[in-house]
Amino acid sequence: MSKRIIKNERIKAIIHDIAQDFRFSQETGEYALLFYKVDAQGVVKGAEIDQMVTYLTTGLDELRDNMKWRREFLNDNPQIDEIRMLENLGVIEEEYIELLKFLA
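Residue numbering note: each chain is counted from 1, following its sequence as written. Where local features are concerned, this predicted model is filtered to residues with pLDDT of at least 70; where side-chain atom pairs are given and counted, the filter is 80 or more; whole-chain, interface and lining totals use all residues. Side-chain metrics rest on all non-hydrogen atoms present in the structure, leaving aside hydrogens and water.

## As for the nonpolar core
Residue types Ala, Val, Leu, Ile, Met, Phe, Trp, Tyr and Cys, when buried and joined through side-chain atoms within 4.5 Å, form a set referred to as a nonpolar core. When a residue's accessible area, from a 1.4 Å probe over protein chains only, is under 20% of the maximum for its type it is buried; when over 50% it is exposed; and in between it is partly exposed. Counting 26 residues, the largest nonpolar core has Ile15, Ile18, Phe35, Met52, Leu56 and Leu99 as its most contacted members. By the criteria applied, helices consist of DSSP H or I runs no shorter than four residues and strands consist of E runs no shorter than two, each listed in order from the N terminus. Elements with a minimum of two residues in this core: helix H1 (9-24), helix H2 (30-41), helix H3 (47-64) and helix H5 (82-103). We call two residues contacting when some pair of their heavy atoms lies within 4.5 Å. Not counting chain neighbours up to four residues away, the residues in contact with Met52 comprise Ile15, Leu34, Phe35, Val38, Val44 and Leu103.

## With respect to the side chain of Glu95
Here Glu95 is to be found in helix H5. Residues in contact with Glu95, not counting those within four places in the same chain, are Arg10, Ile14 and Asp17.

## Description of the packing of H2 against H3
One way to put it is that H2 packs onto H3 with a least axis distance of 11 Å and a crossing angle of 120°. When the interaxial angle is binned, H2 and H3 end up oblique. Between H2 and H3 lies a crossing whose hand is left-handed. Of the residues in H3, those touching H2 at Glu30, Tyr31, Leu34, Phe35, Lys37 and Val38 are Glu48, Gln51, Met52, Thr54 and Tyr55. When its residues are assigned to classes, the contact of H2 with H3 shows six nonpolar, two polar and three charged. Think of each axis as a best-fit line through the C-alpha atoms, taken over the contacting stretch in the case of a helix, with angles from 0 to 180 degrees between the N-to-C directions. Angular relationships are summarised with four words: roughly parallel below 35 degrees, roughly antiparallel beyond 145, roughly perpendicular across 65 to 115, and oblique for the angles in between. Left-handed describes a crossing whose near helix is turned anticlockwise from the far helix through less than a right angle; right-handed describes the clockwise counterpart. Each residue gets one of three labels, nonpolar for Ala, Val, Leu, Ile, Met, Phe, Trp, Tyr, Cys and Pro, charged for Asp, Glu, Lys and Arg, and polar for the others, Gly among them.

Dropping the structure here:
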């Protein structure tokens, strides 16, 4: 069973950020519980690694294919600053890529 002990502060911060996003939305699904656990324990192992990779890969695909969603979201939320939203999506993309490299 492979295991990754998370010592790198940047990786810890990325996992914490993802867990916080789940906490903010009050999610308790499979992926949310996984990120809560890894955030608390600082270790990811075995099948959890595969689950994280699946979540991150799917998330990256969705980020890259979300033009329709972005338009609808901005139309429904005119108070949102498009530039800021795009910057936030760019940060999420960078974090997902960094975490995928760590898990590889």
